[in-house]
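Observations on the model geometry
Spelled out from the first residue to the last, the chains are:
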Amino acid sequence: MQNLFFKYSYFLSIVFLLATINVAGQKAQQDENSSLVDYVNPLMGTDSSFDLSNGNTYPAIATPWAMNFWTPMTSKMGDGWTYKYDENKIRGIKQTHQPSPWVNDYAAFSLMAVTGELKFQEDERESWFSHKAETVKPHHYSVYLADYDVVAEVSPTERAAHFKFTFPESEKSYIILDAFYKGSMVKILPKERKIIGYCRNNSGGVPDNFHNYFVAEFDKDFELNHTWKDGWQLVENSTSSEGQHVGAIIGFKTKKGETVHVKVASSFISHEQAQLNLSREIGTDSFEVTKEKAKKAWETELSRIEIEDDNIDNLRTFYSSLYRVLLFPRKFYEFNAANEVVHYSPYNGKVLAGYMFTDNGFWDTFRAVFPFFNMMYPELNGKIMQGLANTYKESGWLPEWASPGHRDVMIGSNSAPIIADAFLKGAKGMDAELLLEAMLKNATVAEGRPVNSVGREGLEYYNKLGYVPYDVKINENAARTLEYAYADFTIAQMADKLGKKAIAKKYYKQSMNYKNMFDPSTNWMRGKNKDGRFQTPFNPLKWGDAFTEGNSLHYTWSVFHDVQGLIDLMGGKEQFASKLDEVFEMPPKFDASYYGFTIHEIREMQIVNMGNYAHGNQPIQHMIYLYNYANKPYKAQEKVRDVLTKLYSATPDGYCGDEDNGQTSAWYVFSSLGFYPVTPGVDEYVIGSPLFKKAKLHLENGNTFEINSKNNSKANFYIHGAQLNGKLYNKTFLKFDTLQKGGVLEFDMGDTANKNWGSTAESVPYSLSTSKK
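Keep in mind that this is a model prediction, so the values were computed, not measured. (Residues numbered from 1 in each chain as written. Predicted model: local features only at pLDDT ≥ 70, side-chain atom pairs only at ≥ 80, totals over all residues. Heavy atoms only, no water.)

Considerations on the sheet that holds strand E3 (residues 92-96)
- Read from one edge to the other, the open sheet built from seven strands follows the order E1-E3-E4-E10-E17-E14-E15, with strand pairing classed as antiparallel. Where the open sheet ends on each side, the last strands, each with one partner, are strand E1 (69-73) and strand E15 (233-235). The sheet shows a mean angle of 25° between the axes of neighbouring strands, direction not considered.
- With seven bridges joining them, strand E10 (residues 170-178) and strand E17 (residues 247-254) adopt antiparallel strand pairing. Bridged to serine 170 within E17 is threonine 254. (Pairing = 2+ DSSP bridges. Helix = DSSP H or I, 4+ residues; strand = E, 2+ residues; numbered from the N terminus. Axes fitted to C-alpha atoms, helices over the stretch in contact; angles between N-to-C directions.)

Describing the pattern of salt bridges
- The final tally for this structure, using the stated rule, is 37 salt bridges.
- When the shortest N-O distance is used, the salt bridge between lysine 293 and aspartate 285 registers 2.7 Å.
- The closest approach of N and O atoms between arginine 449 and glutamate 457, which form a salt bridge, is 2.4 Å.
- Residue class for glutamate 457 comes out buried when judged on its relative accessible area of 18%.
- Residues participating in the shared-partner salt-bridge network are Lys89, Arg91, Glu122, Asp123 and Glu126. (Salt bridge = Lys/Arg side-chain N within 4 Å of Asp/Glu carboxyl O. Buried < 20%, exposed > 50% of the residue type's maximum accessible area, 1.4 Å probe, protein only.)

Digging into helix H3 (residues 271-281)
- Those residues of H3 not exposed but buried are Gln273, Ala274, Asn277, Leu278 and Glu281. Taken end-on, H3 shows its buried residues confined to a sector of 145°, consistent with a single buried face.
- Turning to H3, the residues buried within the fold contact strand E9 (160-167), strand E13 (212-218), strand E18 (258-267) and strand E21 (334-335).
- Capping of H3 at its N-terminal end is provided by serine 270; its side-chain oxygen lies 3.4 Å from the backbone amide nitrogen of glutamate 272.
- Phi turns positive one or two residues past the end of H3, at glycine 283, with a value near 55°. (Arc of directions from axis to C-beta. Contact = heavy atoms within 4.5 Å. Polar contact = N/O pair within 3.5 Å; in protein donor to acceptor, adjacent residues only side chain to side chain.)

So, the packing of aromatic side chains
- Summed over all chains, the structure comprises 56 aromatic pairs.
- Pairing tyrosine 106 with phenylalanine 268 gives two aromatic rings, centres 6.4 Å apart and planes at 40°, and the pair type is tilted. Of this pair, tyrosine 106 sits in the loop between E3 and strand E4 (109-115) while phenylalanine 268 sits in the loop between E18 and H3, and the two are 162 residues apart along the sequence.
- For the pair phenylalanine 167 and phenylalanine 252, a centre-to-centre distance of 5.8 Å together with 85° between the ring planes defines the contact as edge-to-face. With phenylalanine 167 in strand E9 and phenylalanine 252 in strand E17, the pair connects residues that are 85 residues apart, well separated along the chain. Of the two residues, phenylalanine 167 and phenylalanine 252, both sit in the buried class.
- The ring of phenylalanine 423 has lysine 497 sitting right over it, with the charged end atom 5.7 Å from the ring centre.
- Over the ring of tyrosine 467 we find lysine 528, and its NZ or CZ is 5.4 Å from the ring centre. (Phe/Tyr/Trp six-rings, centres within 6.5 Å; stacked < 30°, edge-to-face > 60°. Lys NZ or Arg CZ within 6 Å of the ring centre and 35° of its normal.)

A closer look at the pairing of strand E11 (residues 184-189)
- Two strands pair when backbone bridges link them, and E11 and strand E12 (residues 194-199) are joined in this way by six bridges, in the antiparallel orientation. Note on E12: the bridge partner recorded for lysine 187 is isoleucine 196.
- In this antiparallel pair of consecutive strands, E11 and E12, the connection spans four residues, and arginine 193 shows a positive phi of 55°.
- Two elements, E11 and strand E16 (residues 240-243), share four bridges in a ladder whose sense is antiparallel. Within the sheet, the bridge partner assigned to valine 186 lies in E16 and is serine 241.

Here's the deal with the sheet that holds E13
- Taken together, the nine strands give an open sheet; going across it, the order is E6-E7-E8-E9-E18-E13-E12-E11-E16, and neighbouring strands pair in antiparallel fashion. Lying at the two open borders of the sheet, with one neighbouring strand each, are strand E6 (134-137) and E16. Averaged over all adjacent pairs, the angle separating strand axes in this sheet is 15°, with direction ignored.
- In this sheet, E13 lies alongside E12 in antiparallel orientation, the contact comprising six bridges. Each residue of the ladder has a partner; that of isoleucine 195, found in E13, is alanine 216.
- Those strands touched by H3 are E9, E11, E12, E13 and E18, and its axis lies near 125° from that of E18.
- Helix-sheet contacts for helix H4 (residues 287-302) involve strand E7 (140-145), strand E8 (150-156), E9 and E18, and the interaxial angle to E8 is about 50°.

Digging into the side chain of histidine 261
- Note on placement: histidine 261 falls in strand E18.
- Histidine 261 gets classed as buried once you look at its relative accessible area, which sits at 17%.
- Contacts of histidine 261, omitting those with residues within four sequence positions, involve His162, Phe163, Lys164, Glu217, Phe218, Asp219 and Phe287.

Structural notes on the environment of serine 238
- When you line up the elements, serine 238 lands in the loop between E15 and E16.
- For serine 238, a relative accessible area of 11% translates into the label buried.
- Here the alpha-carbon distance between serine 238 and histidine 226, two residues 12 residues apart in the chain, equals 5.0 Å.
- In contact with serine 238, other than residues within four places in its own chain, are Ile188, Asn225, His226 and Thr227.
- For serine 238, the side chain forms a polar contact with the side chain of threonine 227, separated by 2.6 Å.

Let's talk about the environment of serine 403
- Within the element layout of this structure, serine 403 appears in the loop between strand E26 (401-402) and helix H9 (415-424).
- Setting aside its immediate chain neighbours within four residues, serine 403 contacts Pro99, Val103, Tyr106, Gly204, Thr358 and Asp359.

A word on a nonpolar patch on the surface
- Together, Phe50, Trp102 and Phe597 make up an exposed nonpolar region whose accessible area comes to about 320 Å².
- As for its placement among the helices and strands, tryptophan 102 is situated in the loop between E3 and E4.
- You can call tryptophan 102 partly exposed: its relative accessible area is 39%. (Patch = residues over 30% accessible without salt bridge, like charges linked within 9 Å, V, L, I, M, F, W, Y side chains within 5 Å. Areas by Shrake-Rupley, 256 points an atom, 1.4 Å probe, with all protein chains shown as cover.)

Describing helix H19 (residues 663-673)
- Within H19, 11 of the 11 residues are buried, leaving the element largely enclosed by the surrounding structure.
- Those residues of H19 not exposed but buried are Gln663, Thr664, Ser665, Ala666, Trp667, Tyr668, Val669, Phe670, Ser671, Ser672 and Leu673.
- Two residues or fewer past H19, glycine 674 is found with a positive phi of approximately 120°.

Side note on the nonpolar core
- Grouped together as the largest cluster of nonpolar side chains are 208 residues, with contacts concentrated most on Phe372, Trp557 and Leu697.
- With 12 residues, helix H12 (residues 477-497) is the largest single contributor of residues to this core.
- Judged by nonpolar contacts, the second largest core, of 12 residues, contains Met67, Val342, Tyr344 and Met356. (Core = buried A, V, L, I, M, F, W, Y, C linked by side-chain atoms within 4.5 Å.)

Description of unusual backbone geometry
- Of note, the amide linkage connecting serine 403 to proline 404 takes the cis form, showing an omega dihedral of -15°.
- With respect to the helices and strands, proline 404 occurs in the loop between E26 and H9.
- A cis amide bond, omega -5°, links threonine 536 with the succeeding residue proline 537.
- Within the secondary structure, proline 537 sits in the loop between strand E28 (524-525) and helix H14 (552-555).

Some points on the packing of helix H15 (residues 563-570) against helix H16 (residues 573-585)
- Close contact between H15 and H16 brings their axes to 7 Å; oriented N to C, the two are set at 95°. It follows from the interaxial angle that H15 and H16 lie roughly perpendicular. For the pair formed by H15 and H16, the contact residues are Val563, Gln564, Leu566, Ile567 and Met570 on the first element and Lys573, Gln575, Phe576 and Lys579 on the second. (Parallel < 35°, antiparallel > 145°, perpendicular 65-115°, else oblique.)

Topic: the pairing of strand E30 (residues 684-687)
- Residue alternation in E30 divides its side chains into two sets, Glu684 and Val686 and Tyr685 and Ile687, and both sets are buried.
- Bridging between strand E29 (residues 675-676) and E30 involves two bridges; their strand directions are antiparallel. For tyrosine 676, the partnering residue across the bridge sits in E30 and is valine 686.
- Note: E30 against strand E35 (residues 733-735), three bridges, orientation antiparallel. Paired with valine 686 across the strands is phenylalanine 733, a residue of E35.

Bear in mind that shape data such as this cannot, by itself, settle questions of function.
Structure representation (structure tokens):
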């Protein structure tokens with residue numbers, strides 16, 4: 001019996017060993033073949049509405065920074081919330097350039113397939129669909145149109161897209177091209193199996209000659225062709241239509257499972273350029289080849305940052321956020337027949353040489369998106385700087401919110417930190433002298449601004465008094481003053497490096513204007529009247545009014561360049577840290593009287609149980625890291641990890657407010673790596689609490705920077721110690737050059753606060769007050 005038992009046990013152990021080897025082999029193969037693109041959920045943030053933003057995103061089917069995106073439409077034409085996760089009907093798949101629902105779209109047109117009775121009006125042609133029969137990836141969208149038994153798919157290139165429609169057996173199958181309202185034209189060319197045309201819809205910011213020219217090539221003969229004219233009037237057996245809102249319909253018989261492919265491209269220059277874009281970017285490629293090329297484009301960029309973690313949800317959230325960071329600003333340039341870079345200018349309507357980028361609000365993205373580009377994509381950011389120089393040449397001003405041209409949205413002078421940070425971090429190919437000239441124009445010239453958001457509203461007051469007064473009918477005056485003061489600092493930084501010492505001295509001095517808004521009786525920033533007295537009554541919980549989409553508790557910390565100066569105003573580090581604590585510890589009370597209703601940004605603050613901390617809006621997103629300046633980095637570590645794990649997830653409700661051109665995502669990307677660029681224009685990142693066990697940054701210069709976090713876990717979010725390239729590291733910041741040279745930063749993590757780490761005077765990040773400037 002013992003012999004038999006031994007033989008049987010031995011047999012079982014061999015079987016178990018072989019099974020283990022097989023499973024390990026399968027796992028290794030899975031790891032080897034795994035795709036980072038598969039972690040991305042483009043539906044993150046799509047469960048949003050006017051009243052409550054969980055991101056205010058749409059699924060962008062696109063390649064990184066593409067000229068055109070594509071997205072399914074659950075909402076009517078012109079609705080900024082074009083895709084709402086909780087809606088259940090689709091009207092078409094549209095080419096979109098929308099950077100935000102609040103700014104809305106331009107140059108949009110759509111394709112839709114129907115069968116049976118012809119339905120082409122958008123409210124009639126819509127089809128029921130389910131997320132269960134929907135595939136949503138950055139490089140590929142597929143949906144089952146239940147009312148028509150059709151599967152519609154699209155895969156993108158930068159300026160083109162490949163559609164694939166799988167039809168049922170039907171005597172009446174149609175593809176509809178809706179060229180949208182506000183001016184459009186279609187022309188059907190049956191012998192060439194083509195539809196060409198243009199759309200002119202926009203929400204502002206375009207010259208009079210603005211057109212988006214498109215071409216659509218089909219792989220099946222047309223058995224009928226109709227168009228419609230204004231008022232949805234069907235014109236049977238017609239090949240062209242032009243008006244305010246027109247479209248084209250082509251029809252044919254289909255067999256069960258028959259596929260019809262449509263290759264589509266567009267151009268802001270001409271039909272000929274649209275055809276050239278199509279020939280170059282798709283040509284004779286099959287749908288699968290286009291799909292794989294788009295997937296490879298994403299895989300290349302996502303793999304620049306390599307994450308190791310046991311929590312797959314962390315990986316999904318990281319790469320979904322990174323996908324959003326890599327969408328904007330949009331490439332608004334094309335390659336002509338001679339393969340030269342050219343662009344249609346959304347500022348003067350001419351076709352000109354050189355780069356152009358658009359669809360970006362610098363009030364949001366100066367904070368982390370552009371610092372991320374300087375860290376990981378300096379070559380791209382150099383091209384973006386060339387595009388900014390072209391904007392200045394073509395309009396006379398730098399953009400602040402472009403879509404595609406100047407738009408009157410938000411406040412500040414935030415082109416300055418974007419330009420200065422790029423210059424100081426070595427972006428190649430930028431015309432520094434010209435861009436500094438443009439920055440100085442913003443700071444000195446009040447006349448001729450195309451819209452209020454360009455240049456500086458209230459400039460004369462700011463330059464004379466050192467602040468924008470509360471009582472001169474310029475709204476958001478305290479916020480403007482704080483943002484102008486920081487912009488002045490970045491002008492000084494750039495001028496200083498260029499050897500323009502007099503200019504640097506002037507703007508370093510002006511950057512101290514933030515002190516004019518500080519009320520020592522409350523230790524909050526406060527609006528000030530023209531006569532020098534603070535405005536009354538004062539409620540620091542009042543949103544808007546003297547501030548922008550926030551209150552004094554949020555904007556008081558907008559002294560990016562001189563946190564130590566703010567600490568001194570508050571009476572020292574203990575008082576400063578206590579004031580930071582107050583924001584988190586008080587109830588989420590608010591005063592919405594300035595708006596007359598509770599705006600979504602207020603509601604998003606109220607419901608997350610973090611006091612008055614409003615992470616869903618940008619002004620406060622750097623605030624947590626300011627604990628480091630008060631030698632209390634452990635408090636930053638607590639709160640960073642809290643935000644990372646509670647307010648973000650790769651789900652339709654995965655953000656806690658507007659995503660905004662990648663900014664809220666960039667906060668996550670940086671913070672999960674373990675640091676954040678509190679002060680663009682300074683060569684430092686401020687350390688928080690790394691989320692992952694290991695992260696590798698594959699830098700553009702060929703170097704690799706690795707962040708290892710020993711004992712990192714859900715409970716172990718405190719930094720107990722650190723080593724940089726094998727040497728003890730006690731600073732709460734990381735130098736830009738240190739990172740770019742490559743190396744290894746190692747954190748030892750624990751579940752209790754180490755109040756000694758990062759507690760010395762030398763541990764504190766940069767402030768102008770303590771620098772040698």
